[in-house]
Amino acid sequence: MTHFAIHRKHSYLTCLVVVSICACMLFVPALSAHGQTQKTTPNIGVWPAGSDQYTFHMIGNAHIDAVWLWPWYEAMSVVHSTFHSALDRMNEDPKVSVTTSSSQFYEWVAANDPAMIAEIKKRVDEGRWGLVNGWWVEPDVNIPNGESLARQGLYGQEVLQKTFGKTAKVGYNPDSFGHTGNLPQILKLEGMEDYVFMRPGVTEKKIPGNLFWWQGIDGTRALTFRILFSYGDDGHSVEPLMKQSIEELSKQPLRDAMGYFGMGDHGGGPTKANMASIKLVQSEPGAPKVLYSTPDRYFAEVRQKLNMADIPVLADDLQHHSVGCYTAVASVKKGNRESEAELATAEKIAAVGSLAWGAHYPKYDFTESWKRVLFQQFHDSMAGTSLPEHYVSATASYGRAMDVAEQSMFTNAQKLAWQVPTTDPDSHYLFVFNPHSWSTTQVIAYDLSMRAWSPTKVTDYAGNEIPFQWTQATTVAGRKRLVAEVKLPAFGYQQIRVIIAEPSTKPATTLKAEGNVMENEHLRVTFSPEGTLSLFDKDAGKEVFAGGATGARGVVYKDDNDTWAHNFVAYTDELGSFKQTSIKLEEVGPLRAIMRVSYAYGNSTINTDWVLTAGSRSLEALVSLDWHEHMKMLKYSFPVDVQSPKATYEVAYGAMERATKNEEDPGQRWVNVDGDRSGSTYGLAVINDAKYGYSVNGSDLRVSIARGAVFANHMPNKIDPAKDYIWQDQGVQTFRMILMPHAGGWQDAGVVHAAEEMMAPPLIIYQGIHPGTRPLTDSFLSVDAPDVVISAIKQAEDGEDTIVRMYETSGLAATAHVDLKFAKTQWTGQFHPYEIKTIRVNAKTSAIAEVNILEQ
C-alpha cells in the first residue's frame, strides 16, 4: 500500500467514526464532557430561593483531549489555538482566570511558540493561569502502574518548574474514567495535596459530599473535589449548570464550590458568551456569589474558611465509570504493561551497572521513551476509546520504548558477561542475570546449536549438575532448546555450563504427564472435554475449584454496550463458553510438561499451552486467542472452592480488597480470592501479563480477556446491523497467566514476587570463549524484607546520584535493610503499610537521603 493510500484510508476511518458520533450528538441536548448531560433551565435570571448562600469559584477550563476522535498532531494545533484564545479572553477582562493541565501541552508550545509561553508565564505569575496536575497528560488512572504514575509527576512537574518556575499543587484529572486507591499517597509525594476529578459521577459513585478527604490505601489523605456534572459547557450561559449544581449542593452542607465553564474536548476554553453570562449573574438579585478563580485559590480558601475536621472522609477508590475501558483494545493494554516493565528493568541494570561494571546509562533515551509511554496513557488512548489509526501510533511508541530498553539491557549485560571467564572451547556457557532484589530459582529456556545433543549435562558455577531437558527450538532444524533450572542470587548473575558428557546421575522427577493429566508432587491437573480443568492440590488434599473440573472456563457474555460501556457495571448475560476441540501432550521431561489444548466458540479459537514444572505450586498458561466475535465479552472463570470469600486486587504500588458482587473492576497484574476452607484460609491468585479487567462473583474469580466493540462508538449511538463497522480486537492476541493456589493469605504465597518475575524474567546471554576477572556468580543489591520490592533504580534527573524507589507490598508494617553493594553502602528504613519510599544515593560520598518522587 502506498503512503498516499494509507493516509486516504486513515481519513476514511476518521470520517466514518467522527461523523457517526457527531451525528448522534445532534440528538442529545447540551451533551458535553464525553456524555455528561446537562439539564436545561429556561428561567434565566430567576434563581431558586437560598441561591445567594452559595459561592462559586468559576474555573475557566480549557480541556483538550490529546487524542480521541483526532490524532495527536491535530491536538497540537488545538492546544495552540486554545491557549491563544484563552490569552485573548484574559486580555479582554483582567479578572478572568484560566486553568488547564498536561505538561506535554506546555512542552509543545515552548518548542513552537516561545512568545506564547512567555505570555502564559505572566498570567501564571499573576495567579490567573492555574497550573494544575503536574502530570505529563491526564491519563487513565487505573491502568498505569505505580512507577508510571510516579513518572507522570516527575516529568510533568519538571516541565512546569523549568518553564514557569513553580510546580502544580493540585492533582487534576476531570476526564479520567476512575481513580486508583493509592493516588492520594502518590500525589502527595509529587507535591500535590489536593485533587479534582469528575468521574465517577453522582449516579455512579455515592460519596459523602463534593468536597471530602480522600483516604488512600496507606492512610494518606488528599482534599478532593468532585466536579458538579461537567468540566465545561457549550460556551454560552453558565446559569443552567450553576442551577443544576445548586440543586445537588442543597443535599449537603457544602456552600463553597467550583463551577466550570468553557468549551472542551477539542479545545476552545472560555468564551465571550461565558464571560458575559458570568457578569450577568453577578448583577442578578438572589444569585450566588460568583468569582473568577483557580483550583489553587479554591482549596486555599476552603482550608481557611472550613473546619477541616468536619469534612467527611472516603476510604475507597473512585469507581465505576466506563468499565469496558479496562479491556478494550488488547494491544494497547499489553504494550503498556510490557513497556513499563522493560523500561524499569533496563534502567535498573544501567544504573547499577554504571557504578558496578562500567555500564552505559542512556538518560536521554530512557526519558524520551518514558514520555512516549506516558503519552499513550492519556485516558482516551489507554482506555481503548480513540480512533483505530491512533493505535498504529501507539504501537510504534511502545516499539520505540521497548527497543531502547532491550538495547540497553542486553548491551549492558553483555559488558558484564564479557568480564566473566569462559575456559572450555568444547562447552557452551550461558550467563543468566536476575534483575530482582531477591534470590530466586527460575526455569530458563534458550536455543543452542550443539555438535552433539547426547550425552549432555548442565552444571552451575560450582560444577554441580542442575536439572534440565532438551526440547524443540523455535527453528525447525539446527538448534534445540535447553530448558534448565537455575538458582540466581539477588540482583546478580550465575554462569551455567553445557557439557557434552555423561551426567553422573539420572535426574529424579515426580513430574508425570499422559492422556489428559499432568501432575507433580504438589498439583494434579486434569483437562475436561467441556473446555475446563480440574486442579487438585495434593498438599491440601482437595480440589481448588468448586465442583471439580470447573476451572479456566472461557465464558462468553453479551456486551451490547458502546465502546466505553457507559452506565454498565457487570457482565451477567452468559451466551456460551469455549469447548475443547483437541488435546496433545506437547512436551514432557524431568523438568516440565506441556499440554497443548485447543478450544472453540462461534468463529473464535483458543490454543493454550498449559505448563507444569517439577516442584512448582503454580500452573502456567500460554494463551493464543483468535477472536472474531462482535458485541461479546470473553472472561476466564475460576470458581475457587472457599466460603466467605474476599477479593484482593493489585493496584498501583499496592493492593486493595473489593466487594465480591460481580462488578467489573480494574486491577494490575494479579487478583486473589481467598476465604475459609474447613476453618483455615485458602485461596487462588491469578497473575497475567496483559489484562486489567476483572470481576469476582462470590468466590468465582474472572479475568476479562477480550471484547468486540466498535471503535469510538459513543452512546446513544446504536449499531446498525446493515452497516459495516471497524471492530476492536479481531484476530490473534497472546498473553500468559499463572494460577497460584495457596494455603493462607496471598501475602504469604509469593504472589507479588511471581508477578515481578513474570514481567521481568532473567536475562540470558550466550557467552563466547574469553578470559575474565569476575567471579562466576555475584550479587550487586539485595533487600532482606520479602514484602518490600524495589520498583525503580535510575539516575537522578539533575545529576548522577542514584535514585532507588521501593514500596511495601503486603499491607503490613515492615523494616527493610537494603544492601546497596553496587554503591558500597547500605540503608535501613521503616515502612508503614503500602508506603512508597524513595532514597537518593551519592556513590562518591556514600550519603543517602530520603526524598520524594520529585527526587527532592
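About the criteria used
Residues numbered from 1 in each chain as written. Predicted model: local features only at pLDDT ≥ 70, side-chain atom pairs only at ≥ 80, totals over all residues. Heavy atoms only, no water. Axes fitted to C-alpha atoms, helices over the stretch in contact; angles between N-to-C directions. Helix = DSSP H or I, 4+ residues; strand = E, 2+ residues; numbered from the N terminus. Parallel < 35°, antiparallel > 145°, perpendicular 65-115°, else oblique. Contact = heavy atoms within 4.5 Å. Nonpolar A, V, L, I, M, F, W, Y, C, P; charged D, E, K, R; others polar. Phe/Tyr/Trp six-rings, centres within 6.5 Å; stacked < 30°, edge-to-face > 60°. Buried < 20%, exposed > 50% of the residue type's maximum accessible area, 1.4 Å probe, protein only. pLDDT = per-residue confidence, 0-100. Pairing = 2+ DSSP bridges. Salt bridge = Lys/Arg side-chain N within 4 Å of Asp/Glu carboxyl O. Core = buried A, V, L, I, M, F, W, Y, C linked by side-chain atoms within 4.5 Å. Polar contact = N/O pair within 3.5 Å; in protein donor to acceptor, adjacent residues only side chain to side chain. Left-handed = near helix turned anticlockwise from the far one by under 90°.

Caption draft 1: Examining the packing of helix α2 (residues 72-92) against helix α3 (residues 103-112) more closely. In the contact formed by α2 and α3, the axes pass within 10 Å of each other and the chain directions differ by 75°. Taken as axis vectors, α2 and α3 run roughly perpendicular relative to one another. Where α2 abuts α3, its residues Trp72, Ala75, Met76, Val79 and Phe83 lie against Phe105, Tyr106, Trp108, Val109 and Asn112. The class makeup of the residues in the contact of α2 with α3 is nine nonpolar, one polar and no charged.

Caption draft 2: Quick peek at the packing of aromatic side chains. For the structure shown, the criterion picks out 34 aromatic pairs. Centre to centre, the rings of Trp108 and Phe375 are 6.0 Å apart; their planes meet at 55°, and the pair counts as tilted. Linking Trp108 in helix α3 with Phe375 in helix α11 (residues 363-376), this pair joins segments that are 267 residues apart in sequence. Neither residue differs from the other here; Trp108 and Phe375 are each classed as buried. Where Phe545 meets Phe638, the ring centres are 6.2 Å apart and the plane angle is 35°; that geometry is what we call tilted. You can see Phe545 sitting in the loop between β23 (542-543) and β24 (553-558) and its partner Phe638 sitting in strand β30 (residues 632-639), a full 93 residues away along the chain. Considered together, Phe545 and Phe638 belong to a single accessibility category, that of buried residues. In this structure an aromatic cluster arises from ring pairing among Trp357, Phe431, Phe433, Phe491, Tyr493 and Phe780.

Caption draft 3: Here's a closer look at the confidence of the model for the protein chain. Residues with a pLDDT of 70 or more make up 95% of the protein chain, whose mean pLDDT is 94. Low pLDDT (under 50) marks residues 1-33, which in the prediction has 43 contacts with non-local residues, meaning those over four places away or in another chain. A low-confidence stretch, residues 35-41 (pLDDT under 50), is modelled with 26 contacts involving residues beyond four sequence positions or located in other chains.

Caption draft 4: Highlighting unusual backbone geometry. Residue Pro200 is reached from Arg199 by a cis peptide bond, and omega for that bond is 5°. Within the fold, Pro200 resides in the loop between β7 (194-197) and β8 (211-215). A positive phi is found at Val329, a non-glycine position, where the angle reads about 60°. Along the chain, Val329 turns up in the loop between β12 (313-314) and α10 (330-356). A positive phi angle, near 60°, is found at Ala552, a position not held by glycine. Counting through the fold element by element, Ala552 comes out in the loop between β23 and β24. Owing to a relative accessible area of 4%, Ala552 belongs among the buried residues under this scheme.

Caption draft 5: Representation of the sheet that holds strand β36 (residues 693-697). In spatial order, the strands read β25-β24-β30-β37-β36-β33; together these six strands make up an open sheet with antiparallel pairing. Edge positions in the open sheet fall to β25 (574-577) and β33 (665-666), since each of these has one partner strand only. Direction of pairing for β30 relative to strand β37 (residues 700-706): antiparallel, over a ladder of six bridges. When the sheet's bridge partners are listed, Tyr636 is paired in β37 with Val703.

Caption draft 6: Molecular detail of the pattern of salt bridges. This model, assessed by the stated rule, comprises 45 salt bridges. Across the pair Asp125 and Lys121 runs a salt bridge whose closest N-O atoms are separated by 3.2 Å. Of the two residues, Asp125 and Lys121 both sit in helix α4 (residues 114-126), four residues apart, roughly one turn of that helix. When its relative accessible area of 53% is taken as the criterion, Asp125 is described as exposed. Close ionic contact of Lys162 with Glu158 constitutes a salt bridge, the shortest N to O distance being 3.7 Å. Taken together, the residues span about one helical turn, with Lys162 and Glu158 both in helix α5 (residues 146-164) at a distance of four residues. By relative accessible area, Lys162 is classed as exposed at 67%. Linked by salt bridges that have partners in common, Glu147, Arg151, Glu347 and Arg805 make up one network.

Caption draft 7: Broad picture of the nonpolar core. Counting 173 residues, the largest nonpolar core has Phe83, Trp129, Phe433 and Leu820 as its most contacted members. Counting residues per element, this core draws most heavily on helix α13 (residues 390-417), which supplies 11 residues. Beyond its immediate stretch of four places on either side in the chain, Phe83 contacts Ile64, Thr100, Phe105, Tyr106, Val109, Met116, Ile120 and Trp129. Among the nonpolar cores identified, the runner-up in size contains 48 residues, and Leu533, Leu619, Val640 and Val671 belong to it.

Caption draft 8: Molecular detail of the side chain of Arg840. Within the secondary structure, Arg840 is located in strand β46 (residues 836-842). A distance of 2.5 Å separates the side chain of Arg840 from the side chain of Asp798, its partner in a polar contact. At a separation of 3.1 Å, a polar atom in the side chain of Arg840 contacts the main-chain carbonyl oxygen of Glu855. In this view, Arg840 contacts Ala796, Asp798, Asp801, Thr802, Ile803, Ala847, Ile848, Ala849, Val851 and Glu855; residues no more than four positions away in its chain are not counted.

Caption draft 9: Seen up close, the packing of α10 against α11. Where α10 contacts α11, the axes come no closer than 11 Å and their chain directions differ by 160°. Classified by the angle their axes make, α10 and α11 are roughly antiparallel. Like other packed secondary-structure pairs, α10 and α11 cross with a definite hand, here left-handed. Packed against α10, whose contacting residues are Asn336, Ser339, Glu340, Leu343, Ala344, Ala346, Glu347 and Ala350, the element α11 presents Phe366, Ser369, Trp370 and Val373 at the interface. Residue composition of the contact of α10 with α11, by class: seven nonpolar, three polar and two charged.

Caption draft 10: How the structure looks around the sheet that holds strand β14 (residues 440-448). A sheet is described by the order of its strands in space; here three strands give the open sequence β14-β17-β16, paired in antiparallel fashion. What marks the edges here is a single partner per strand, and that holds for β14 and β16 (468-472). On average, adjacent strands in this sheet sit at an angle of 25° to one another, irrespective of strand direction. For β16 and strand β17 (residues 480-488), the ladder comprises five bridges, and the chain directions are antiparallel. Opposite Phe468, over in β17, you have Ala484 as the bridge partner.

Caption draft 11: Geometry of the environment of Arg151. Take Arg151: it is sitting in helix α5. On a C-alpha basis, the gap between Arg151 and Ile853 in space is 8.2 Å, while along the polypeptide they are 702 residues apart. Ignoring anything within four residues of it in the chain, the contact list for Arg151 reads Gly156, Glu347, Trp370, Leu374, Ala792, Lys794 and Arg805.

Caption draft 12: Inspection of the environment of Leu701 at higher detail. Looking at where Leu701 falls in the secondary structure, it is placed in strand β37. A relative accessible area of 0% places Leu701 in the buried class. Along the backbone, Leu701 and Leu387 are 314 residues apart, and their C-alpha atoms lie at a distance of 32 Å. Setting aside residues no more than four positions away along its own chain, Leu701 makes contact with Tyr636, Ser637, Phe638, Val671, Asn672, Val673, Leu684, Val686, Ser695 and Val696.

Caption draft 13: Summary view of the side chain of His566. Among the structural elements, His566 can be located in the loop between β24 and β25. Among the polar contacts made by the side chain of His566, one reaches the side chain of Asp562 at a distance of 2.7 Å.

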